[in-house]
Amino acid sequence: MTDFSEEQLHRYSRHILLEDVGVEGQARLLAGKVLIIGAGGLGAPVALYLAAAGVGTIGIVDNDHVEISNLQRQITHFTEDIGAAKVESAAAKMRAVNPDVTVNTYRQYVSAANIRELIRGYDFVVDGVDNFPTKFLINDACVMESIPFSHGGILRFDGQTMSVVPGKSACYRCSFRKPPPPDAVPTCSQAGVLGAIAGMLGTIQAAEALKYLTGTGRLLTDALLSFDAKTMDFRKIRLRRQENCPLCGSSPSITELSDMEQAVCGLKRRA
Amino acid sequence: MEITRQVRKAIIDHAEGELPNEACGYLAERDGVVVGYYPLTNLDKAADHYSMDPQEQFTAIREMRAMGLKLAGVYHSHPATPARPSAEDIRLAHDPEISYLIISLADAEPAVKSFGIRGGVVSPQEITVVEEGESMGVKADAVKNCRGIGCPMNLVHAKVGLAALRSGQVLEVILDDGPPVINVPASAGREGHRVLGQTRLADGAWSVLLEKC
């Protein structure tokens, strides 16, 4: 059992008071390790909430630097951070909100070559990337490494998310076999995105990570939650593991990772 | 009758606080040991007799039930006479099942005596003073002193104390009067822990025994 300092008891009192979290749950959070892939719209609120919650070790991966167009939704980055590495900008805010947290920064793109190495050793992974090939890559790597993760995506006024516990629940490929053709779906930079929905979706992902670490409640597994912020309609679609899933089915055809073609418009590769 | 040191001290304090008038109240027991007391208003405000406030009596009984305690007896003080039932005390003693405890402040050292009264016949009862832990047949495995700590941090400390214990072990939490002693045992109970009892301490704080679920 972690020995809490008086300051920690105050800092985490609202968690400790929760019957389902309590002292034990907070100790699990402090011992927990979460990797956030992408320090953008989704990664920013996830990073702040997990740091605030006292998740002991948080890794954050991104190769980009902060641009002024990010600031409308990527709330870890401030105007003065323009030009700085996103992972460093995010890490500074995480450390400022909670010095208990160890932040590991990875200023790089994830790729088939490095992702398994990156996620190994983490308890939970959060997908906060902005392109389909990388979302599939994260799914495939997490299934292969048996690391639970939260998928998330936002565009315009819409968001969608699902949690995957490899071997137990439907993976992303059980429902979506392969990335849409390049340019079939516009990226955020083309289509635009309402800033606040990054927070709406990112905080759902953060809550899933905290639930997983503390063993609380039921994860958003075998389901896809989507919302339309224009009407505030939320929909939860039931999903099931597919026997013939090319990744987690009984006779998988995907047995190693590969980098897929990026959307043409996404000239710059994103982590 | 067995009574905890804390309750015995507390009712003497109550009696002294009401001087020159008589003080009165209820005693509550668990497993045959008086572990709690409920000071009641003496409506007569007199030095030689008392009447309890029926509304307060009702509330006290309800609180006892809620905490799994039973009415053990009635106590009252004799500011200037010895600790034995007066003719009026005997006449008004309607319940043969409970004890009638009298605190005499006639001498420098207060005297506390207990009696059973059945059909006008008074029989003295021996009083055994027990320590808090033994009073409930349990010795607390750990203590959290939350004097001066408000809500909700007192509950945080209590939960930290409970987390360090195994199921079935007992934590004694010292809580301030008012919201702390109302909220903390209730919250611990909601989380499945057993509230074994609570006693008023001499300084006005409360000792609450929680058995970890």
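All figures in this text were calculated on a predicted structure; none of them were measured in a lab.

Tracing the backbone through its elements, the reader meets E97 of chain B in the loop between helix 3 (87-92) and strand 5 (99-104). Put simply, E97 of chain B and G150 of chain B are 53 residues apart on the chain and 40 Å apart in space, counted from C-alpha to C-alpha.

Quick look at the interface of chain B and chain A now. With nine residues of chain B at the contact, the number on the chain A side is eleven residues. A class-by-class count of the residues in the side of chain B that touches chain A yields seven nonpolar, no polar and two charged.

Here the focus is the sheet that holds strand 1 (residues 2-4) of chain B. Residue and element names in this part refer to chain B. With respect to topology, eight strands assemble into an open sheet ordered 7-6-5-4-2-3-1-8, the strand pairing being mixed. The open sheet has two edge strands with one neighbour each: strand 7 (121-125) and strand 8 (128-130). Sheet twist, expressed as the mean angle between neighbouring strand axes with direction ignored, is 35°. Helix 1 (residues 5-18) rests against strand 1, strand 2 (24-30), strand 3 (33-40), strand 4 (70-78), strand 5, strand 6 (111-118) and strand 8 of the sheet, and its axis sits at about 20° to strand 3. Helix 2 (residues 54-66) contacts strand 2, strand 3 and strand 4 of the sheet and is inclined by roughly 150° relative to strand 3.

Moving on, we get to helix 5 (residues 153-163) of chain B. Most of helix 5 of chain B is tucked away, with eight of its eleven residues classed as buried. Every buried residue of helix 5 of chain B is listed here: N154, L155, V156, H157, A158, K159, G161 and L162 of chain B.

Residues and elements named next belong to chain A. An ideal rise of 1.5 Å per residue puts 20 Å on 14 residues; helix 7 (residues 132-145) measures up with 20 Å between its terminal C-alpha atoms. Among the residues of helix 7, F132, P133, T134, K135, F136, L137, I138, N139, D140, A141, C142 and V143 are the ones counted as buried. Turning to helix 7, the residues buried within the fold contact strand 1 (33-37), helix 6 (115-119), strand 4 (124-127), strand 5 (149-155), strand 6 (158-164) and helix 8 (172-175). Positive phi appears at S146, one or two residues downstream of helix 7, with a value of about 55°.

Scoring rules and cut-offs
Residues numbered from 1 in each chain as written. Chains lettered and ligands numbered in written order. Predicted model: local features only at pLDDT ≥ 70, side-chain atom pairs only at ≥ 80, totals over all residues. Helix = DSSP H or I, 4+ residues; strand = E, 2+ residues; numbered from the N terminus. Contact = placed C-beta atoms within 7 Å. Nonpolar A, V, L, I, M, F, W, Y, C, P; charged D, E, K, R; others polar. Pairing = 2+ DSSP bridges. Axes fitted to C-alpha atoms, helices over the stretch in contact; angles between N-to-C directions. Buried ≥ 20, exposed ≤ 12 C-beta atoms within 10 Å, placed from the backbone. Expected span 1.5 Å × (residues − 1).

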